[in-house]
Structures are given as C-alpha cells and as structure tokens.
Amino acid sequence: MEYVLYTDRRSGGAIVEIALAEMGREAELRPVPIERDGQLDAAYRRINPMGRVPSLILPDGTVVTESLAILLALEARHPEAGLLPAATDPARATALRWMTLAAAEIYPCVTRADYPERFSDDPAHAPAIRARAVSMAQELWRLIAREARPDPFILGKRFSLADIPLSVMSRWMGAEAWMPREAPAIQALARAVALRPRAGAAWARHFDVPAAPGQGGPRP
C-alpha cells in the first residue's frame, strides 16, 4: 500500500479515506478504536502525540496528523486528481477558506461535545458545555450554508477537496437529524459527496447516504 492511515469508523479518518478514494490512491487502514480510547494508547501516541485520529504515514515514513494538513499534503502529492483549483484561480482561495473554517471552528465544537469533561474541573458543567458546543456548531452550519451557498458543492458544480471535510462533519453531533431542516444546502452537499462513484465506497464504510432535503431519514 502507498500510505498507512490510522482511522476509525465515523471519525476524522473518513475525511482522509474519501480523499484517497477520489485521488485513486490506496492506504493500509489501521484501526484505532476511539470508543475504547485507542487513540490514547501509548503505542499510538508515539505516532500522534496529540492522541487523535487520523494519522497518515507517507511512503517515506513521514507522519502527518491533523485532517486539514493531511488533505493539503495529499493534494500536493497528487495534483493530477484536480481536487483544488490552480494556485492562481480565485476559486482555490474559496475552497481553502471553507476547509479552514471547518477545521478551525467546527472541529473544536465536536471535541467539546464529545469530551465536555475536559473543559471544566467541575463535572456538573459537562451538560452545559456539550449543549453550547452543539448550538455553536449549528450557528456555523447556518453561516456556511448562507455565505458559501453550495450548489451542490462549495465551488458550485465542481467537486473539490473542501467538500470532503464539510460533508463528513455534517454527520456528527446529531446533525444528521437537524441538518435537512435547518441547513438543507449542507445536507444536499453531503448527499452529493456520498453519491459520487469514487467517494461513495469510502463513505459507505462510515455513514448512510444522506436523505435528500425535505425527504425522510438517511438511505441505508
């Protein structure tokens, strides 16, 4: 295999798996069971000291962590896949804008919702921390839907690297039930990614196909 990817189902590793599929590249998938705190094991922390998933090992042994950094490293290695516009194309800046917002703003909300006890010494604060993280994420999704106006992708009809983290993150924090009603443009983006020929197989390892906005639950 060209790459080694440490990942888990429905985790940030899904972002990298989908990107690799779209690039036509293969990776050896090494499971890190987050539900059993596998990301905190000493052996894994020697690979990723932050104790997070995903981690990608490049062919020369270089370790890349943080999903945004992994996506950009892969795009630089495989520009022929065309997953970002050329450096001089203003559309590239648009894609990078929304990719960065997802990594810098939505991901922290996910961490606070999943592990609220880490953000206060008082266990009684955990429910409020989780609830506020969810509401902040919902505010961000509304902003993205309003300002980015995906149709169905961030760059309109052109699929790009930016669509991958946004589609995956839209499945977290209970948003699968909330998204079709409150941010249908994001729901449509996620569905469009899930139905892509290459991305679809990788998507199916993690999530159901999102229902079209205005329809019922996710399609198995």
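A few points on the structure. Small disclaimer: the values here were computed from a predicted structure and weren't measured.

1. Considerations on the overall build of the chain
Inference 1: Counting its regular elements, the chain contains 9 helices and 4 strands.
Inference 2: Counting every position in the chain, which comprises 220 residues, the buried fraction comes to 47%.
Inference 3: When contacts within the chain are restricted to residue pairs at least 6 apart in sequence, those whose partners lie at least 24 apart make up 61%.
Inference 4: Put simply, the chain shows about 10600 Å² of open surface, and 53% of that area lies on carbon and sulfur atoms.

2. Overview of the packing of aromatic side chains
Inference 1: The final tally for this structure, using the stated rule, is 4 aromatic pairs.
Inference 2: Between Trp 203 and Phe 207 the ring centres are 5.0 Å apart and the planes differ by 50 degrees, which places this aromatic pair in the tilted class. In terms of burial, Trp 203 and Phe 207 fall into one category: buried.
Inference 3: Just above the ring of Tyr 115 sits the side chain of Arg 118; from NZ or CZ to the centre is 3.8 Å.
Inference 4: Looking at Arg 196, its charged tip hangs above the ring of Phe 159, at a distance of 3.9 Å from the centre.

3. Examining the packing of helix H8 (residues 184-194) against helix H9 (residues 197-204)
Inference 1: Running from N to C, H8 and H9 point in directions that differ by 100 degrees, and their axes come no closer than 7 Å. Regarding the angle of H8 to H9, the classification is roughly perpendicular. From H8, Ala 190, Val 193 and Ala 194 reach across to H9, where they touch Ala 199, Gly 200 and Trp 203.
Inference 2: Within the contact of H8 with H9, the residues separate by chemical class into 5 nonpolar, 1 polar and no charged.

4. Overview of the pattern of salt bridges
Inference 1: For the coordinates displayed, the defined rule picks out 13 salt bridges.
Inference 2: For Arg 196, the salt bridge is made with Glu 22, and the minimal N-O distance between the two is 2.8 Å. Taken as a pair, Arg 196 in the loop between H8 and H9 and Glu 22 in helix H1 (residues 13-23) lie far apart in primary sequence, 174 residues in all.
Inference 3: Look at Glu 22 and you get buried, because its relative accessible area is 7%.
Inference 4: Put simply, Glu 2, Arg 25 and Glu 80 are held in one network by salt bridges that share partners.

5. What to know about the sheet that holds strand S3 (residues 55-57)
Inference 1: A sheet is described by the order of its strands in space; here 4 strands give the open sequence S2-S1-S3-S4, paired in mixed fashion. One side of each edge strand has no neighbouring strand; the edge strands of this open sheet are strand S2 (27-31) and strand S4 (63-65). Here the average twist between neighbouring strands, direction ignored, is 20 degrees.
Inference 2: The sheet contact formed by S3 and S4 spans 3 bridges and is antiparallel. Considered in S4, the bridge of Leu 56 is made with Val 64.
Inference 3: Relative to the sheet, H1 contacts strand S1 (3-7) and S2, its axis offset from that of S1 by approximately 150 degrees.
Inference 4: Helix-sheet contacts for helix H3 (residues 67-77) involve S1, S3 and S4, and the interaxial angle to S4 is about 130 degrees.

6. A short note on the side chain of Glu 75
Inference 1: Its place among the elements puts Glu 75 in helix H3.
Inference 2: If near-sequence neighbours (up to four positions away) are discounted, Glu 75 is found in contact with Met 23, Leu 84, Arg 92 and Leu 161.

7. Observations concerning helix H7 (residues 175-182)
Inference 1: Turning to H7, its buried residues are Ala 175, Trp 178, Met 179 and Pro 180.
Inference 2: Buried-residue contacts for H7 involve helix H5 (126-148) and H8.

8. As for the nonpolar core
Inference 1: Core analysis: the biggest nonpolar cluster contains 58 residues, and Trp 141, Ile 144 and Leu 161 have the highest contact counts within it.
Inference 2: No other element matches the 8 residues that helix H4 (residues 90-114) contributes to this core.
Inference 3: The next biggest cluster of nonpolar side chains, apart from the first, holds 6 residues, and it includes Val 4, Tyr 6, Val 32 and Ile 57.

9. Considering the environment of Glu 75
Inference 1: Glu 75 sits in the buried class, given a relative accessible area of 9%.
Inference 2: In sequence terms Glu 75 and Trp 203 are 128 residues apart; their C-alpha atoms lie 19 Å from each other.

Conventions and cut-offs
- Residues numbered from 1 in each chain as written.
- Predicted model: local features only at pLDDT ≥ 70, side-chain atom pairs only at ≥ 80, totals over all residues.
- Heavy atoms only, no water.
- Helix = DSSP H or I, 4+ residues; strand = E, 2+ residues; numbered from the N terminus.
- Buried < 20%, exposed > 50% of the residue type's maximum accessible area, 1.4 Å probe, protein only.
- Contact = heavy atoms within 4.5 Å.
- Areas by Shrake-Rupley, 256 points an atom, 1.4 Å probe, with all protein chains shown as cover.
- Phe/Tyr/Trp six-rings, centres within 6.5 Å; stacked < 30°, edge-to-face > 60°.
- Lys NZ or Arg CZ within 6 Å of the ring centre and 35° of its normal.
- Axes fitted to C-alpha atoms, helices over the stretch in contact; angles between N-to-C directions.
- Parallel < 35°, antiparallel > 145°, perpendicular 65-115°, else oblique.
- Nonpolar A, V, L, I, M, F, W, Y, C, P; charged D, E, K, R; others polar.
- Salt bridge = Lys/Arg side-chain N within 4 Å of Asp/Glu carboxyl O.
- Pairing = 2+ DSSP bridges.
- Core = buried A, V, L, I, M, F, W, Y, C linked by side-chain atoms within 4.5 Å.

Keep in mind these numbers describe shape, not what the thing actually does.
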